[in-house]
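Examining the three-dimensional arrangement
Okay, here's what each chain looks like letter by letter:
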Amino acid sequence: AQKITQTQPGMFVQEKEAVTLDCTYDTSDQSYGLFWYKQPSSGEMIFLIYQGSYDEQNATEGRYSLNFQKARKSANLVISASQLGDSAMYFCAMSVVGSTLGRLYFGRGTQLTVWP
Amino acid sequence: NAGVTQTPKFQVLKTGQSMTLQCAQDMNHNSMYWYRQDPGMGLRLIYYSASEGTTDKGEVPNGYNVSRLNKREFSLRLESAAPSQTSVYFCASSEESSRGSPLHFGNGTRLTVT
């Protein structure tokens, strides 16, 4: 069974500071992918960043980076220089090759609040 | 480029009523998905379609049916709505079914069953 755990229901960070959102996963498969999505209060789901299990470098996309520690089965999202617009719910998700054709398993999310 | 379009955005049903949620994508994606989001639960897969003409059950398929009408459209039907189906429903698509393809989501349908 695949499982994604996000242990932080809520996080607070001051504007311009960096913040790390935790994600651990559980799978017996060797080939998988890890995703982070942002859901602002308006409700849409926005893709942020992807890390493949065989990727040697940590993924980065602008102010977002994924701290991938394969041995610890963690895929934490780091947001640098937080902005007020980063306030949202953040979901970690995993896909597994060969299971159900790339479907995603989602964690329960972390609500990030950025204050001025 | 509209991406993934869902209709309606909001719907209120009485227990036992039926309805169909519509979804269309204009990105020429092969794979399409229906998820539901409940408070504190993240997103859970209801049904998916890897290609036109094929559909498969996800994690929570009971009470739902789907139709992959063509490559663009993937509809979700509730035959007899129940209060437990009160949720936010997301349609999504992806370019391929490999592990690296991100899902592109519609804006969601907020459904309330009374």
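A brief structural summary. (Residues numbered from 1 in each chain as written. Chains lettered and ligands numbered in written order. Predicted model: local features only at pLDDT ≥ 70, side-chain atom pairs only at ≥ 80, totals over all residues. Heavy atoms only, no water.)

With respect to the sheet that holds strand β8 (residues 74–78) of chain B
All names here are of chain B. Definition in use: Any two strands with at least two DSSP bridges between them are considered paired. In DSSP terms, a helix is any run of H or I states spanning at least four residues, a strand is any run of E spanning at least two, and both are numbered starting from the N terminus. Lines are fitted to the C-alpha atoms to define the axes, a helix being fitted only along its stretch in contact, and any angle between axes, read from their N-to-C directions, falls within 0 to 180 degrees.
Judged by pairing direction, the sheet is antiparallel, and its 4 strands sit side by side in the order β1-β3-β8-β7 without closing on themselves. Two strands close off the open sheet at either side, each with one partner strand: β1 (4–7) and β7 (64–68). Strand-to-strand twist of the sheet, defined as the mean angle between neighbouring strand axes without regard to direction, takes the value 15°. Here 4 bridges tie β1 to strand β3 (residues 19–25), and the two strands are oriented antiparallel to one another. Counterpart to Val4 in the pairing with β3 is Gln25.

Brief notes about the state of the cysteines
To keep it simple, the criterion reads: Note on terminology: disulfide denotes any pair of cysteine sulfur atoms within 2.5 Å. Only protein chains enter the accessibility calculation, which uses a 1.4 Å probe; a residue is then buried when its area is under 20% of its type maximum, exposed when over 50%, and partly exposed in between.
Scanning all chains against the criterion turns up 2 disulfides over all chains. Each sulfur in the disulfide pair Cys23 of chain A and Cys92 of chain A lies 2.0 Å from the other. Because the sign of the S-S torsion sets the handedness, a value of about -65° for the bond joining Cys23 of chain A and Cys92 of chain A places this disulfide among the left-handed ones. A residue pair is termed long-range when its members are at least 10 positions apart, and Cys23 of chain A in the loop between β3 (19–21) and β4 (24–26) and Cys92 of chain A in strand β10 (residues 88–96) qualify at 69 residues. The exposure class of Cys92 of chain A is buried, given its relative accessible area of 0%. The disulfide that involves Cys23 of chain B links it to Cys91 of chain B, with 1.8 Å between the sulfurs. The S-S bond linking Cys23 of chain B to Cys91 of chain B shows a torsion near -75°; that makes this disulfide left-handed. Remark: Cys91 of chain B occurs in strand β9 (residues 87–94) and Cys23 of chain B occurs in strand β3; sequence separation between them is 68 residues.

A short note on the interface of chain B and chain A
In plain terms, the rule: Whether two residues touch is decided by their heavy atoms; if any such pair falls within 4.5 Å, the residues are in contact. Computed with a 1.4 Å rolling probe, the buried area is the accessible surface lost when two parts are put together, summed over both parts. Whenever a carboxyl oxygen of Asp or Glu lies within 4 Å of a side-chain nitrogen of Lys or Arg, that contact is scored as a salt bridge. The term polar contact refers here to a pair of N or O atoms within 3.5 Å; inside protein, the definition further demands a hydrogen-donor-capable atom paired with an acceptor-capable atom, and it admits residues adjacent in sequence only when both atoms are side-chain atoms. Each residue gets one label: Ala, Val, Leu, Ile, Met, Phe, Trp, Tyr, Cys and Pro are nonpolar, Asp, Glu, Lys and Arg are charged, and the others, such as Gly, are polar.
Of the residues lining the interface, 21 residues belong to chain B; the matching set on chain A comes to 25 residues. Of the roughly 1,900 Å² buried where chain B meets chain A, counting both sides, 57% is carbon and sulfur surface. Inspection of the region where chain B meets chain A yields 0 salt bridges. One can count 3 residue pairs in polar contact (both at pLDDT 80 or more) joining chain B with chain A. At the level of elements, β4 (31–37) and β5 (43–49) of chain B are the ones that each hand at least two residues to the side of chain B that touches chain A. Across the side of chain B that touches chain A, the residue classes break down as 11 nonpolar, 8 polar and 2 charged.

Structural notes on the nonpolar core
Defined as follows: Residues belong to a common nonpolar core when they are buried Ala, Val, Leu, Ile, Met, Phe, Trp, Tyr or Cys residues joined through side-chain atoms within 4.5 Å.
With 25 residues, the main nonpolar core has Tyr25, Leu34, Trp36, Ile49, Leu77, Tyr90 and Leu112 of chain A as its most contacted residues. The set of elements that each furnish at least two residues to this core consists of β3, β5 (32–39), β6 (46–52), β8 (64–69), β9 (74–79), β10 and β12 (110–115) of chain A. In terms of residue count, β10 of chain A provides more of this core than any other element does, 5 residues in total. Residues Val4, Met32, Val66 and Leu111 of chain B belong to the second largest nonpolar core, which totals 20 residues.

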